[in-house]
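Here is what each chain is made of, one letter per residue.
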Amino acid sequence: MNRAALLVLADGRFPAGGHAHSGGAEPAVEAGRIRDAEDLAAFCRGRLHTTGLTSAALAAAAAHGLDPLALDEAADARTPSPALRAVARKLGRQLMRAARATWPSPELAALAEARPRGAHQPVVLGLTARAAGLGPEDAAYCVAYETVTGPATAAVRLLSLNPFQATAVLARLAPELDRVAEQAAAAVHHGIDALPAASAPLLDVTAEAHAAWPVRLFAS
């Protein structure tokens, strides 16, 4: 197992397009739900245990070797917001380009051919982890980590939040990241239908409103 590959895949500098997305933080800041580090921690915690768990399980399942096309359909069913479905596929398409350049594999090539407009990002990430020699829990960790780092990084820009405070939020969430990754990886042994389907309706609602903003700092 190539654990160093996990550092490459989880690095925010990996060219997969995630830096342009706030994970729902931008509309939350605009609505006054994120005003400081304490609010940011609550937002990240909620996102981690809902959509984060769901996405982490999809990635773990793909890394485990479950059918990526069936997982892509499962991801669609677990993403009620059209705006977020579009974002997930756009990010999946961008990740696919970077992944195939970094860790080319027949499975990634087959998914790219079957989903030329992009598969859901967690599914692509799981296959990328598999191509890099990583396991299901590694893929789940990567997704769980980006679930909270995206909003934290965005909050620094949106609120001029002290980056030390944002990093401290992430550090305090570390035990919960462990639990979510372990739960997501354990779920893959029970089949696709048994994967977590936790949701965050407010994120869906605000994503639709945010997509219609004429001016915004982040794509989502």
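Residues numbered from 1 in each chain as written. Predicted model: local features only at pLDDT ≥ 70, side-chain atom pairs only at ≥ 80, totals over all residues. Heavy atoms only, no water.

**A few points about the overall build of the protein**
Threshold: Here a strand is any run of E in DSSP of at least two residues, a helix any run of H or I of at least four, and the numbering for each starts at the N terminus. Here the radius of gyration uses the C-alpha set of atoms, whereas the globule reference equals 2.2 Å times the residue count to the power 0.38. Throughout this description, buried means an accessible area under 20% of the type-specific maximum (1.4 Å probe, protein chains only), exposed means over 50%, and partly exposed covers the range between.
From N to C terminus, the protein includes 11 helices and 0 strands. When the helices and strands of the protein are listed from N to C terminus, the series reads α-α-α-α-α-α-α-α-α-α-α. Expected size for 220 residues packed as a compact globule is a radius of gyration near 17 Å; at 16 Å, the protein falls within 12% of this value. With the C-alpha coordinates aligned to their principal axes, the bounding extent of the protein is approximately 45 × 35 × 30 Å. A burial count over the protein gives 50% of its 220 residues as buried.

**Brief notes about the pattern of salt bridges**
Selection rule: The salt bridge criterion pairs a side-chain nitrogen of Lys or Arg with a carboxyl oxygen of Asp or Glu, the two atoms within 4 Å.
With the rule as written, the count across this model stands at 7 salt bridges. Measuring nitrogen to oxygen at the nearest pair gives 2.8 Å for the salt bridge that ties R115 to D72. With R115 in the loop between α6 (106-114) and α7 (121-131) and D72 in helix α4 (residues 68-77), the pair connects residues that are 43 residues apart, well separated along the chain. On the basis of relative accessibility, which here comes to 0%, the residue D72 falls in the buried class.

**Details of the packing of aromatic side chains**
Between two aromatic rings, the relevant description is the distance of the centres plus the angle of the planes. The following threshold applies: Centres within 6.5 Å are what make two rings of Phe, Tyr or Trp a pair, Trp counting through its six-membered ring; a difference in plane orientation under 30 degrees is then read as stacked, over 60 as edge-to-face, and the rest as tilted.
Scanning all chains against the criterion turns up 1 aromatic pair. Between F14 and W103, the ring centres sit 5.9 Å apart and the planes meet at 20 degrees, which makes this aromatic pair stacked. In this pair, F14 sits in the loop between α1 (3-10) and α2 (25-30) while W103 sits in the loop between α5 (82-102) and α6, placing the two residues 89 residues apart along the sequence. Given a relative accessible area of 14%, W103 falls into the buried group.

**Looking at the layout of surface pockets**
Convention followed: In this analysis, the protein atoms alone were mapped onto a 1 Å grid. Cavities are point sets where a 1.4 Å probe fits without being able to get out; pockets are open sets with protein on both sides within 12 Å along at least five of seven lines; lining residues have an atom within 4 Å of a point. Grid points are joined across faces, edges and corners, and a volume is the space filled by probe spheres set on the points. In this classification, the charged set is Asp, Glu, Lys and Arg, the nonpolar set is Ala, Val, Leu, Ile, Met, Phe, Trp, Tyr, Cys and Pro, and all remaining amino acids, among them Gly, are polar.
Taken as a whole, the second largest pocket holds about 180 Å³ of empty space. Looking at the second largest pocket, it is lined by 13 residues, and the ones nearest its centre are A28, R33, F43, L202 and L203. Counting only elements with at least two residues in the lining of the second largest pocket, the list comes to α3 (37-64) and α11 (201-211). Among the residues forming the lining of the second largest pocket, the class breakdown is 7 nonpolar, 3 polar and 3 charged.

**Section: helix α10 (residues 174-187)**
Condition: Take the residue count of a helix, subtract one, and multiply by 1.5 Å to get its expected span. By definition, the arc is the one covered by directions from the helix axis to the C-beta atoms. Whether two residues are in contact is decided by their heavy atoms, any of which lying within 4.5 Å being enough.
Over its 14 residues, α10 runs 20 Å from end to end, which matches the ideal 20 Å to within 8%, given 1.5 Å per residue. All of the buried residues along α10 are E176, L177, V180, A181, A184, A185 and A187. Along the axis of α10, the buried residues cluster in a sector spanning 165 degrees; they form a single face. Elements in contact with the buried residues of α10: α3 and α8 (136-159).

**Comments concerning the environment of L159**
Relative to the assigned elements, L159 resides in helix α8. For the pair L159 and L71, spaced 88 residues apart in the sequence, the C-alpha separation amounts to 36 Å.

**Quick notes on the confidence of the model for the protein**
Quick note on the threshold: pLDDT expresses, on a scale from 0 to 100, how confident the predictor is about each individual residue.
Counting all residues, the mean pLDDT for the protein is 95, and 100% of those residues have values of 70 or more. Per-residue pLDDT, averaged within each element of the protein, yields its smallest value for α1 (89) and its largest for α4 (98).

**A short note on the packing of α5 against α6**
Let me state the cut-off plainly: Orientation is described by axes fitted as lines to C-alpha atoms, over the contacting stretch for helices, and by angles from 0 to 180 degrees between their N-to-C directions. Convention used here: angles under 35 degrees read as roughly parallel, angles over 145 as roughly antiparallel, angles from 65 to 115 as roughly perpendicular, and any remaining angle as oblique. When the near helix sits turned anticlockwise from the far one by under a right angle, the crossing is termed left-handed; a clockwise turn instead gives a right-handed crossing.
Running from N to C, α5 and α6 point in directions that differ by 150 degrees, and their axes come no closer than 10 Å. As far as their axial angle goes, α6 and α5 are roughly antiparallel. Between α5 and α6 lies a crossing of left-handed hand. On α6, the residues that touch M96, A99 and R100 of α5 are L108, A109, L111 and A112. Classifying every residue of the contact of α5 with α6 by side-chain character gives 6 nonpolar, no polar and 1 charged.

**Digging into a positive patch on the surface**
Our working definition: Only residues whose relative accessible area exceeds 30% and that form no salt bridge are eligible for patches; like-charged ones are grouped when within 9 Å, while nonpolar side chains (Val, Leu, Ile, Met, Phe, Trp, Tyr) are grouped when within 5 Å. Here, Shrake-Rupley sampling with a 1.4 Å probe gives the accessible areas, and only protein chains in the shown set may cover a residue. By the counting rule applied here, Lys and Arg register as positive and Asp and Glu as negative, while His and the ends of each chain are not counted. Charge positions are represented by NZ for Lys, CZ for Arg, CG for Asp and CD for Glu.
On the surface, a cluster of positive charge is made up of K90, R93, R117 and R216. Within the secondary structure layout, K90 lies in helix α5.

**Let's talk about the packing of α3 against α8**
At a closest axis distance of 7 Å, the pairing of α3 and α8 adopts a crossing angle of 150 degrees. One element, α3, and the other, α8, form an angle in the roughly antiparallel class. Considering the relative orientation of α3 and α8, their crossing is right-handed. Contacts from L40, F43, C44, R47, L48, G52, S55, A56, A59, A60, A63 and H64 in α3 reach P136, A139, A140, V143, A144, E146, T147, V148, P151, A152 and A155 in α8.

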